[in-house]
Amino acid sequence: MGSNSSRLGDLPKNEYLKKLSGTESVSENDPFWNQLLSFSFPAPTSSTDLKLLEEATISVCRSLVENNPRTGNLGALIKVFLSRTKELKLSAECRNHIFIWQTNNALFIICYLLKVFICEMSEEELQLHFTYEEKSGSYSSDSEDLLEELVCCLMQLITDIPLIDLTYEISVEAISTMVVFLSCQLYHKEVLRQSISHKYLMRGRCLPYTSKLVKTLLYNFIRQEKPPPPGAHVFPQQSDGGGLLYGLASGVATGLWTVFTLGGVGSKAAATQAISSPLANQSLLLLLVLANLTDAADAPNPYRQAIISFKNTQDNSPFPSSIPHAFQINFNSLYTTLCEQQTSDQATLLLYTLLHQNSNIRTYMLARTDMENLVLPILEILYHVEERNSHHVYMALIILLILTEDDGFNRSIHEVILKNITWYSERVLTEISLGSLLILVVIRTIQYNMTRTRDKYLHTNCLAALANMSAQFRSLHQYAAQRIISYINQEKFNSSLFSLLSKKHNKVLEQATQSLRGSLSSNDVPLPDYAQDLNVIEEVIRMMLEIINSCLATSLHHNPNLVYALLYKRDLFEQFRTHPSFQDIMQNIDLVITFFSSRLLQAGAELSVERVLEIIKQGIVALPKDRLKAAVSWLHTPSISHCAFAVLGGPEARLGRSRHSSQGLNLSEIRRTPQTPARKPVVTTCLSLFLGHSSCSLNTDRLMTREWKGQGQENFSFQKQALGLAHRLFSPFLTSGNGVKGTRILIILPGGCLTRPGGYRDWARVSSCC
């Protein structure tokens, strides 16, 4: 570009760029390269800058793509860079500023052109541009592969060149160029397993650098080295931190990284944050892209293997021979940096990856006595759910879910006392345990989800985290107990979760009843699908009742505030006492409410809060432990709202939104859906109910059951739930004179299985009626 190029607007007319992209071949030994590489202009650091750079160089790039097959100038430029890198280490020791500056500029041009070529052509064409034979003036598959040479050189540069003020910029550019090289997946709809990245990185000359590269990238992230001050260079500083192509590669990496996470179309854009260490940020992005590369057709991803198997430097045990890319790193430094960097979603993704896949890291973190340093940033992400993008929230939630699978963690978080949580604004928390704060934030996230996003995945995992913790609830803060059960006020996210669920359940049930009344009077109006909404609410209510029940059965003596909240809002549970879906789980709650209510009545009226708590603590000691039903392993039966109801007897039968014949049902047509695991036992039950002419009672007119071994005892619970829900939905029409007496109701029950929350379920479906 030459020393006179200092503005983007000058690039289309630049004589050196015209020569590079023109029809004349330039030898790698030509003095032209020294002139081309002596340029300086502001680096692109935003999408707007990148767009301006692309617009300014579009004619140059098109000309190079057209002429390079005849000139081989791109290959000559790469050879110039490769020859310079051999002397780069010595130049750094001798502090040869000009040599390093020109080498950095060469890498900048290569990186930008590589991005253009990847965008414009297939991988086969790309490789041809890097396999030019100077003697024959053509391309050949037998010639030297400059692309592989370039990738290996970049890996050596990243791992071997010492990081000093003079080499900081070129280290960032080398990492950025690797990110751009790995961006091929962005331009393919299908998952790549035979791409050039697999060819070069997972076999051949680059493979021996696997563990060294991963270790270097991790240490770059740990150290968080800031860019050198502007006065540290003889040549002009390119930006206020970050390399010449930092903005470009960072954008490419962010796109790749989003593909590998739960984010995607519709996700809220992350807030732009100032990058204090471009080297650490780019290293982290490259590390995540490498870790999430798909396995090759004939070999696993070696970079993922390295990430999931590295050990602590204090661990002296030998590495298994089956782990070829293992290494050691300082876990304490890594833990400290992860705790400090959770404001960025890429750091959260790294934490999730390590906790999920590296058992050494997971064991180390769970053994830490300062877990609040890690958990508090995660809770703050969930607390500010409105400001975060979806994949950041999901990753934070899954991290909590992984942590709460450990009983030791669930016990220890209630022993950590926090003071003055400034970011929690609903209430001043001068002193609260980490466990109680975690409960508050998770409940707030569930409430936000139920009132705003209505994402079943999100609230199911929130409830699963609470369920994991419930048996180890200890000394719950009074505010946490109130938020689980009691109604506080109508402020934003500040009412109780259970109160909110109860109101929503009653509202949806009323809407379903009104809708059914209207649809039965008109055969042309489709039946609204309230069953799904009712199911979601009932599933959440049941899990909340299970969480409360688990705490009462295992930790009643540790939680007087929870008992107080139950008594304060005991009328809230009246509607669930006789509800067929919740009768089994309400036994302990009923017992606690009845037992402590009687003791409060004996103590008289006008009791202060302190006196009530004293009576509760005395009652906890007096309550025989054997009276509480032990909390069983989670029996996660699909809610009865998943049943399919068909109102038979008219010209057509309504089954959800579909129409079927009213002749009857062939039980052989009820079968498991394809996604049901074959190893799971299945129950399929068909109930035919008859709405009597003389009363609104529901009688089982016909019962047909297909059972598999080991699941027979669950049928009765399903039948009771079916009868209960059918009674609530259809009984109003029997007394309203709408002419539905004598109508037959067919209920198809889903299969049930014992599983933890979030596990597989078995479903029964009707494919046709005959």
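Please read all numbers here as calculations on a predicted model, not as lab measurements.

Trainee: Before we go on, may I ask you to explain the overall build of the protein in this structure?
Mentor: If you tally the helices and strands in the protein, you get 30 helices and 14 strands. When the 770 residues of the protein are sorted by exposure, 56% land in the buried category. Counted over contacts in the protein with a minimum sequence separation of 6, partners at least 24 positions apart contribute 74%. Summing over all exposed atoms, the protein offers an accessible surface of approximately 33,200 Å²; the carbon and sulfur share of this is 50%.

Trainee: What is the right way to read the packing of aromatic side chains from this model?
Mentor: In this description, a pair of aromatic rings is defined by centroid distance and the angle of the planes. A complete count under the given rule lists 13 aromatic pairs for this structure. Between phenylalanine 310 and phenylalanine 331, the ring centres sit 5.8 Å apart and the planes meet at 85 degrees, which makes this aromatic pair edge-to-face. Note that phenylalanine 310 is positioned in the loop between helix H14 (302–309) and strand E3 (311–312) and phenylalanine 331 in helix H15 (residues 331–340), a separation of 21 residues in sequence. Joined through ring pairs, the aromatic side chains of Phe310, Phe327, Phe331, Tyr335 and Tyr364 make up one cluster. Lying over the aromatic face of phenylalanine 99, arginine 84 brings its terminal NZ or CZ to 4.8 Å of the ring centre. Here the basic side chain of lysine 311 rests over the ring of phenylalanine 319, its NZ or CZ set 4.2 Å away from the ring centre.

Trainee: Please clarify how unusual backbone geometry should be interpreted in this entry.
Mentor: Most of the time, phi is negative for any residue but glycine, and the peptide bond is trans. Even without being glycine, glutamine 224 reaches a positive phi, approximately 50 degrees. Take glutamine 224: it is sitting in the loop between helix H11 (210–223) and helix H12 (246–260).

Trainee: Could you clarify how one ought to interpret the nonpolar core in this entry?
Mentor: Generally speaking, soluble globular proteins have nonpolar side chains that are buried together. Membership of the largest hydrophobic core comes to 193 residues, with the highest contact counts inside it found for Phe81, Leu201, Leu437 and Phe573. Ranked by residue count, the leading element in this core is helix H6 (residues 97–120), at 13 residues.

Trainee: Before we go on, may I ask you to explain the confidence of the model for the protein in this structure?
Mentor: Close inspection of predicted coordinates is inappropriate for parts of the model with low pLDDT. Model confidence for the protein is summarised by a mean pLDDT of 74, while 66% of its residues fall at 70 or above. Throughout residues 487–495 the model reports pLDDT below 50, and contacts reaching past four residues in sequence, or to other chains, amount to 28 contacts. Confidence drops under pLDDT 50 across residues 632–719; counting only partners more than four residues distant or on other chains, this segment forms 252 contacts.

Trainee: Is there a simple way to think about helix H9 (residues 168–181) in this case?
Mentor: Look at H9: 20 Å from first C-alpha to last across 14 residues, which is about the 20 Å you get at 1.5 Å a residue. The element H9 is extensively covered by neighbouring structure, given that 14 of its 14 residues are classed as buried.

Trainee: Help me understand the packing of helix H8 (residues 146–160) against H9 in this model?
Mentor: Angle between the axes and distance between the axes: these two values describe a pair of packed helices. Packing of H8 against H9 leaves a shortest axis separation of 9 Å and a crossing angle of 140 degrees. In this view, H8 runs oblique relative to H9, as classed from their interaxial angle. For the pair H8 and H9, the sense of crossing is left-handed. Residues Leu147, Val151, Leu154, Met155, Leu157 and Ile158 of H8 touch H9, and the partners they reach there are Ile170, Ser171, Ala174, Ile175, Thr177, Met178 and Phe181. Residues that form the contact of H8 with H9 fall into these classes: eleven nonpolar, two polar and no charged.

Trainee: Quick question: what am I supposed to make of the environment of arginine 368 here?
Mentor: Residue position: arginine 368 is located in the loop between helix H17 (359–366) and helix H18 (372–383). Apart from the residues within four sequence positions on either side, arginine 368 is in contact with Asn332 and Tyr335. Of note is the side chain of arginine 368, whose polar atom sits 2.9 Å from the side chain of aspartate 370.

Trainee: What exactly am I supposed to notice about the environment of tyrosine 168 here?
Mentor: In this fold, tyrosine 168 is placed in helix H9. The exposure class assigned to tyrosine 168 is buried, which follows from its relative accessible area of 3%. Between the alpha carbons of tyrosine 168 and proline 278 there is a distance of 9.5 Å; along the sequence they are 110 residues apart. The contacts of tyrosine 168, once residues within four sequence positions are left out, are Leu163, Glu225, Lys226, Pro227, Pro228, Ser277, Pro278 and Leu279.

Trainee: Would you mind showing me how to read helix H13 (residues 278–291) here?
Mentor: Residue pairs spaced three or four apart in an α-helix point in one direction, given the helix's 3.6 residues per turn. For H13, built from 14 residues, the straight-helix expectation of 20 Å at 1.5 Å per residue is met to within 8% by its first-to-last C-alpha distance of 20 Å. Across the 14 residues of H13, 14 count as buried, placing the element largely inside the fold.

Trainee: Can you help me understand the packing of H18 against helix H21 (residues 434–453) in this one?
Mentor: Packing of H18 against H21 brings their axes to within 9 Å, and their N-to-C directions diverge by 20 degrees. Looking at the two axes, H18 sits roughly parallel to H21. For the crossing formed where H18 meets H21, the hand is left-handed. Contacts between H18 and H21 involve Glu372, Val375, Leu376, Leu379, Leu382 and Tyr383 from the former and Leu434, Leu437, Leu438, Val441, Arg444 and Thr445 from the latter. Of the residues that constitute the contact of H18 with H21, the class distribution is nine nonpolar, one polar and two charged.

Trainee: For this particular structure, what's the right way to read the pattern of salt bridges?
Mentor: Pairing between side chains of opposite charge can happen when their charged atoms approach one another. Counted by the stated rule, this structure contains 13 salt bridges. The salt bridge involving arginine 205 is made with glutamate 149; its shortest N-O contact spans 3.5 Å. Of this pair, arginine 205 sits in the loop between helix H10 (196–201) and H11 while glutamate 149 is found in helix H8, placing the two residues 56 residues apart along the sequence. Among the salt bridges present, the one from arginine 368 reaches aspartate 370, with a minimum N-O distance of 2.9 Å. Here arginine 368 matches aspartate 370 in class, with each residue buried. Beyond isolated ion pairs, a larger network of salt bridges with shared partners links Glu574, Arg577 and Asp590.

Trainee: In this structure, what is going on with the environment of glutamate 24? I would like to understand it.
Mentor: Its location among the elements puts glutamate 24 in the loop between helix H1 (15–21) and helix H2 (32–36). Classification of glutamate 24 by relative accessible area gives partly exposed; the value is 48%. Residues in contact with glutamate 24, not counting those within four places in the same chain, are Lys19, Thr71 and Asn73.

Criteria and thresholds
- Along each chain, numbering runs from 1 in the same order as the chain's sequence is written.
- For a predicted model such as this one, the threshold for reporting local features is a pLDDT of at least 70, and the threshold for listing and counting side-chain atom pairs is 80 or more; totals across whole chains, interfaces and linings nevertheless cover every residue.
- Side-chain numbers here rest on the full set of heavy atoms in the structure, without hydrogens or water.
- Note on conventions: DSSP H or I runs of at least 4 residues are helices, E runs of at least 2 residues are strands, and numbering of each starts at the N terminus.
- When accessible area is computed with a 1.4 Å probe and restricted to protein chains, residues below 20% of their type maximum are described as buried, those above 50% as exposed, and intermediate ones as partly exposed.
- Between two residues, a contact is recorded if the distance between any of their heavy atoms is within 4.5 Å.
- Throughout, the Shrake-Rupley method with a 1.4 Å probe supplies accessible areas, and for residues the shown protein chains are the sole cover considered.
- Each pair of aromatic rings taken from Phe, Tyr and Trp, with Trp reduced to its six-membered ring, is defined by centres within 6.5 Å and is described as stacked if the planes are under 30 degrees apart, edge-to-face if over 60, and tilted in the remaining cases.
- To sit over a ring, a charge needs its Lys NZ or Arg CZ within 6 Å of the ring centre and within 35 degrees of the ring normal.
- Only buried Ala, Val, Leu, Ile, Met, Phe, Trp, Tyr and Cys residues count toward a nonpolar core, and they belong to the same one when joined by side-chain atoms within 4.5 Å.
- Here pLDDT means the predictor's own confidence in every residue, given as a number from 0 to 100.
- Multiply 1.5 Å by the residue count of a helix minus one, and that product is the helix's expected span.
- Here an axis means a line fitted to C-alpha atoms, over the contact stretch when the element is a helix, while the angle between two N-to-C directions is reported on a 0 to 180 degree scale.
- Convention used here: angles under 35 degrees read as roughly parallel, angles over 145 as roughly antiparallel, angles from 65 to 115 as roughly perpendicular, and any remaining angle as oblique.
- Handedness of each helix crossing follows the sense of rotation of the near helix against the far helix: counterclockwise by less than a right angle gives left-handed, clockwise gives right-handed.
- Throughout, the ten residues Ala, Val, Leu, Ile, Met, Phe, Trp, Tyr, Cys and Pro are labelled nonpolar, Asp, Glu, Lys and Arg are labelled charged, and all others, Gly among them, are labelled polar.
- Any pair of nitrogen or oxygen atoms within 3.5 Å is treated as a polar contact; in protein, a donor-acceptor pairing is required on top of that, and neighbouring residues in sequence qualify only through side-chain atoms on both sides.
- Should a side-chain nitrogen of Lys or Arg be within 4 Å of a carboxyl oxygen of Asp or Glu, the pair is scored as a salt bridge.

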